[in-house]
Amino acid sequence: MFLIGQYDSPFVRRVAIAMRLYGLKFDHKPWSTFGDAEKIAPYNPLRRVPTLVLDDGEALIDSTAIIDYLDELVGTDRAMIAAKGIERRRHLRIIALATGLGDKSVSLVYESALRKEKLALWVDRCEAQIKGALDALEQARDAATTPYLFGAGIGHSDIALACVLRFTVEAHSHLFTPQAYPALSAHSSMCEALPVFKEIVQPLSPPKR
Ligand SMILES: N[C@@H](CCC(=O)N[C@@H](CS)C(=O)NCC(=O)O)C(=O)O
């Protein structure tokens, strides 16, 4: 199978990190959503990444759907998320907040990289949404009494959170300071120190007009 997308995308990165931690072999096609859109289109009509193409040609799209498939492959005992109940819903809420924060951070990057003049209405809205999500995630991370969010081992919510934090800090450093978000800052440092995070990483390279 092969994974399409560059590791400066927090969504691609979280999938690749999960695959490595699960010990799943894959080829990597670091195609750019803008420069290589025509290459991506046959696999994903939305021309978005991540896209995971299986050996039989089936193409999976959207990081959460891809990870759902990876969990199925490894089975419930090894899956980095609870199988059901409140434990699963807690993970999913953090993942939704983190990936939603990622969506807004990515939108803001496009707003400044692709438009001649930024639209203040959109920038203000995205920044308010980013702040709201960061505040909620700080509270949740601060409340955790275990090394990771929901236990002693890393979970999908930890990975999604760390990947999105790195992207947000690189793209919009004025929206995040360690003083304002100490628990998130500590979470990011802990995850980024892991070998798999050091291996699967790429500095942000925004699209050009
Ligand atoms: N909800 C999607 C978001 C993926 C996403 O936003 N990918 C960006 C790259 S970071 C992309 O493909 N952008 C190109 C576009 O949306 O046109 C997921 O979780 O996979």
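None of the values given here were measured: they were computed from a predicted structure.

(A) Region of interest: the nonpolar core. Judged by nonpolar contacts, the single largest core of 37 residues is most densely connected at Leu3, Leu52, Leu70 and Phe197. For this core, the elements supplying multiple residues, two or more each, are strand S1 (2–4), helix H1 (10–22), strand S3 (51–53), helix H3 (63–74), helix H6 (156–171) and helix H8 (195–199). Counting residues domain by domain, this core receives three or more from each of domain 1 (2–79) and domain 2 (85–194). Those residues in contact with Leu3 that lie beyond four places of it in its chain are Val12, Val15, Ala16, Phe26, Asp27, His28, Lys29, Pro50, Thr51 and Leu52. Formed by 17 residues, the second largest nonpolar core is a distinct cluster that contains Leu101, Val123, Cys126 and Phe176.

(B) Local environment of a negative patch on the surface. A cluster of like negative charges, contributed by Asp27, Asp55, Asp56 and Glu58, occupies part of the molecular surface. With respect to the helices and strands, Asp55 occurs in the loop between S3 and strand S4 (59–61). For Asp55, a relative accessible area of 73% corresponds to the exposed category.

(C) Local environment of the domain arrangement of the chain. Each assigned domain of the chain is listed here: domain 1 (2–79) and domain 2 (85–194). Relative to domain 2, the C-alpha centre of domain 1 lies at a distance of 21 Å. Taken together, the contact between domain 1 and domain 2 spans 15 residues of the former and 17 residues of the latter. Buried area between domain 1 and domain 2, summed over both chains or domains, comes out near 1,200 Å², and the portion from carbon and sulfur atoms is 70%. Across the contact surface, domain 1 and domain 2 share 1 salt bridge. Across the pair Arg13 and Glu192 runs a salt bridge whose closest N-O atoms are separated by 2.8 Å.

(D) Local environment of unusual backbone geometry. A cis amide bond links Val49 with the next residue in sequence, Pro50, at an omega value of 5°. Among the secondary structure elements, Pro50 is positioned in the loop between helix H2 (37–40) and S3. The phi torsion at Arg47 lies on the positive side, around 60°, for a residue other than glycine. Tracing the backbone through its elements, the reader meets Arg47 in the loop between H2 and S3. Accessibility expressed as a relative area gives 35% for Arg47, which makes it partly exposed. Its identity as a non-glycine residue notwithstanding, Asp62 has a phi of 80°, on the positive side. With respect to the helices and strands, Asp62 occurs in the loop between S4 and H3.

(E) Here's a closer look at the site of the ligand. For the ligand, the full set of nearby residues is Ser9, Phe11, Thr33, Arg48, Val49, Pro50, Asp62, Ser63, Asp103 and Tyr110. Residue Asp62 places a side-chain N or O atom 3.0 Å away from a nitrogen atom belonging to the ligand. Between the ligand and Tyr110 there is a distance of 2.8 Å, counted from a nitrogen atom to a side-chain nitrogen or oxygen. Taken by itself the ligand offers 510 Å² of open surface, and the protein chains cover 82% of this. Its atoms largely coinciding with the cavity grid, the ligand occupies the largest pocket. Residue classes in the shell around the ligand are distributed as 4 nonpolar, 3 polar and 3 charged.

(F) Spatial organisation of H3. Given a rise of 1.5 Å per residue, 12 residues ought to cover 16 Å, and the 17 Å separating the end C-alpha atoms of H3 matches this to within 8%. Regarding H3, the residues found buried are Ser63, Ile66, Ile67, Leu70, Asp71 and Val74. Looking down the long axis of H3, one finds its buried residues gathered within 145° of arc, a one-sided arrangement. In the core, the buried residues of H3 are packed alongside H1, S3, S4 and H6.

(G) Representation of the side chain of Asp71. Along the chain, Asp71 falls in helix H3. Look past the residues within four positions of Asp71 in its chain and what remains in contact with it is Tyr22, Ala79, Met80, Ile81 and His156.

Reading guide: rules and limits
- Residues numbered from 1 in each chain as written.
- Predicted model: local features only at pLDDT ≥ 70, side-chain atom pairs only at ≥ 80, totals over all residues.
- Heavy atoms only, no water.
- Core = buried A, V, L, I, M, F, W, Y, C linked by side-chain atoms within 4.5 Å.
- Buried < 20%, exposed > 50% of the residue type's maximum accessible area, 1.4 Å probe, protein only.
- Helix = DSSP H or I, 4+ residues; strand = E, 2+ residues; numbered from the N terminus.
- Domains from an automatic or database assignment.
- Contact = heavy atoms within 4.5 Å.
- Patch = residues over 30% accessible without salt bridge, like charges linked within 9 Å, V, L, I, M, F, W, Y side chains within 5 Å.
- Areas by Shrake-Rupley, 256 points an atom, 1.4 Å probe, with all protein chains shown as cover.
- Salt bridge = Lys/Arg side-chain N within 4 Å of Asp/Glu carboxyl O.
- Lys, Arg positive; Asp, Glu negative; His and termini not counted.
- Charge placed at Lys NZ, Arg CZ, Asp CG, Glu CD.
- Buried area = accessible area lost by both parts, 1.4 Å probe.
- Near = heavy atom within 4 Å.
- Polar contact = N/O pair within 3.5 Å; in protein donor to acceptor, adjacent residues only side chain to side chain.
- 1 Å grid on protein atoms, 1.4 Å probe; cavity = no way out; pocket = protein on both sides within 12 Å on 5 of 7 lines; lining within 4 Å.
- Sits in = over half its atoms within 2 Å of the grid points.
- Nonpolar A, V, L, I, M, F, W, Y, C, P; charged D, E, K, R; others polar.
- Expected span 1.5 Å × (residues − 1).
- Arc of directions from axis to C-beta.

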